[in-house]
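Here's the letter readout for the chains.
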Amino acid sequence: MAKLLEAMGAIRCPKCKQVWEHNQGNPNYNVTDEKGQKLSKYRFPCEDDRTAAEHFAKHRARCPGCGANFCSSCNTEPYHVGFTCEEFKNYQAARKCRYCKEKIENEGASNLPVFRDVCKKDECVENMKKACDKILPCGRPCYGFRGERKCLPCLNEDCVKKNPELTLEAKDDDYCPICYTSGLGDAPSIQPECGHICHVDCLLSRLRKRWPGPRITFAFCECPACRKWVAAPQNPEVAVELASISAIFEDIRKKAVDRLKYEGLDKDKRLHDPNDRFYNKFEEYALTRLSYYMCFKCKKPYFGGLKSCENVNEGQREYKESDLVCGACASDNIKGGISNCPQHGKDFIEFKCQFCCSVAQWFCWGTTHFCEPCHAKQCKGEYVNKIPKDKLPKCSGPDKCPLKTSHPPNGNEYSLGCSICRNLKANVKAF
């Protein structure tokens with residue numbers, strides 16, 4: 001019966017052998033391949049050549065049984081997108097660039113055996129300059145980076161099958177887990193200590209861009225595959241970036257623990273509940289609850305409020321880097337208040353509420369100080385940060401002002417000095 005159906009025009013899946021009637025589609029001349037190129041213009045000298053798109057519509061089939069995607073004419077699986085059967089056969093037999101996979105018509109970019117299969121495209125030549133120049137014991141080129149002390153394990157499928165643990169089963173045609181746009185073999189790659197492999201340039205770009213928003217976070221330092229902190233001492237450029245980021249992390253870690261005590265969060269029941277994931281994990285809890293930002297002026301991280309405040313402000317305002325200024329630099333900028341404490345430094349400088357004559361308890365979004373009543377209004381949707389400055393309460397002067405000091409008109413930031421010293425004076429106890 002199967003042979004009879006095939007004789008009548010049905011097709012057979014090369015994978016599961018199921019036979020069914022295949023209905024040809026109409027050519028779609030806007031279909032693109034995995035590189036985004038239109039099939040109607042793929043690898044053809046003439047702008048109006050539509051052979052590839054027409055072949056795709058006629059012969060590309062998907063098995064209703066196993067889902068295999070193949071060519072009904074030559075049974076190639078997966079279907080050779082962008083080629084007719086004859087063109088794909090010639091392409092397979094041709095010498096191709098190891099990076100862009102295009103045919104190398106004449107001579108390549110280098111006479112060195114390791115770079116024999118590199119074309120002269122600028123991008124491919126640049127990759128070649130960054131790539132390891134060694135040949136592995138298996139006879140294949142190393143896909144690592146120039147100057148590495150130990151070569152990357154071979155990413156060829158045959159070698160991976162023999163020793164899958166060396167690359168955690170990653171192969172040269174697997175997507176880079178950072179960019180997800182090209183295979184690991186399409187650019188020099190690196191294997192951090194966690195064992196997962198990615199493009200060197202993708203990792204460097206990820207580290208150099210750092211956190212994606214205004215608040216400092218460190219997810220960008222984690223391997224996207226296993227979420228472990230990336231460690232790659234074998235690459236000097238990566239090591240330098242990670243050392244700089246680690247210094248920022250250590251600074252924030254120490255400040256967060258101190259701030260946790262100051263905010264009274266060290267008494268939170270979650271830290272003392274044996275069934276809670278934060279039980280006795282003061283550092284982790286501090287980093288989870290407290291927000292830190294990078295000061296635009298002094299380039300040092302500073303406390304920016306509890307993370308719950310960010311949800312209240314979500315969608316209400318856009319951040320600019322120049323808006324992120326630490327307490328010390330903010331008071332320097334407005335030329336008022338005490339910007340440094342001889343004993344405790346700049347980390348605990350206290351501000352007045354930006355909207356009234358009260359001491360601020362809240363510092364939200366990394367830019368704005370609120371007292372408790374003004375913060376409560378903000379959280380209820382009475383957005384005091386949208387009130388024009390000339391409509392805010394007017395100060396009655398230093399003699400009547402609750403702060404007992406001269407300060408700029410409400411609507412502006414103003415430093416009151418060191419909060420720890422103020423607490424010491426008020427409570428006569430050690431902090």
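All right, on to the overall build of the chain then. Regarding its fold elements, the chain presents 13 helices and twelve strands. For the chain, the proportion of its 431 residues judged to be buried stands at 42%. For the chain, the share of sequence-separated contacts (at least 6 apart) that also reach a separation of at least 24 residues comes to 46%. For the chain, the accessible area works out to roughly 24,500 Å², and carbon and sulfur atoms hold 49% of it.

Before going further, it helps to spend a moment on the side chain of Asn-410. Structurally, Asn-410 is set in the loop between helix 12 (372-379) and strand 12 (415-418). For Asn-410, a relative accessible area of 5% corresponds to the buried category. Here the side chain of Asn-410 touches Lys-352 through a polar contact of 2.8 Å, side chain to side chain. In terms of polar contacts, Asn-410 uses its side chain to reach the backbone carbonyl oxygen of Pro-393, at 2.7 Å. Setting aside anything within four residues of it in sequence, one finds Asn-410 in contact with Lys-352, Gln-354, Phe-355, Cys-356, Cys-357, Lys-389, Leu-392, Pro-393 and Cys-395.

The phi torsion of most residues other than glycine is negative, and most of the peptide bonds are trans. Going from Glu-77 to Pro-78, the amide bond is cis rather than trans, its omega being -5°. Its identity is not glycine, yet Arg-210 carries a phi of approximately 60°, on the positive side. Inspection of the secondary structure assignment puts Arg-210 in the loop between helix 7 (200-209) and helix 8 (236-262). Phi at Arg-227 takes a positive value of approximately 70°, unusual for a residue other than glycine. With respect to the helices and strands, the residue Arg-227 is situated in the loop between helix 7 and helix 8.

Attention shifts here to the pairing of strand 8 (residues 301-306). In terms of burial, strand 8 is largely enclosed, as six of its six residues are buried. Sheet topology note: the strand 7 (residues 290-294)/strand 8 ladder contains four bridges and is antiparallel. The residue of strand 8 that forms the bridge with Leu-290 is Leu-306. Between strand 7 and strand 8, which pair antiparallel in sequence order, lie six residues; one of them, Lys-299, sits at a positive phi of approximately 60°.

What follows covers the pattern of salt bridges. For the structure shown, the criterion picks out 20 salt bridges. A salt bridge links Asp-117 to Arg-95, with the nearest nitrogen and oxygen atoms 3.2 Å apart. Here Arg-95 lies in the loop between helix 3 (85-93) and helix 4 (122-130) and Asp-117 lies in the loop between helix 3 and helix 4, a separation of 22 residues in the sequence. Relative accessible area serves as the criterion here: at 25%, Arg-95 is assigned to the partly exposed category. Where Glu-241 meets Arg-208, a salt bridge forms, and the shortest distance between an N and an O atom there is 3.4 Å. Placement of the pair is Glu-241 in helix 8 and Arg-208 in helix 7, with a sequence separation of 33 residues. Shared partners join several salt bridges into a network, and the residues in it are Arg-208, Arg-210, Glu-237 and Glu-241.

Thresholds, definitions, all that
Residues numbered from 1 in each chain as written. Predicted model: local features only at pLDDT ≥ 70, side-chain atom pairs only at ≥ 80, totals over all residues. Heavy atoms only, no water. Helix = DSSP H or I, 4+ residues; strand = E, 2+ residues; numbered from the N terminus. Buried < 20%, exposed > 50% of the residue type's maximum accessible area, 1.4 Å probe, protein only. Contact = heavy atoms within 4.5 Å. Areas by Shrake-Rupley, 256 points an atom, 1.4 Å probe, with all protein chains shown as cover. Polar contact = N/O pair within 3.5 Å; in protein donor to acceptor, adjacent residues only side chain to side chain. Pairing = 2+ DSSP bridges. Salt bridge = Lys/Arg side-chain N within 4 Å of Asp/Glu carboxyl O.

Scope: geometric values only; no functional claims are made or implied.
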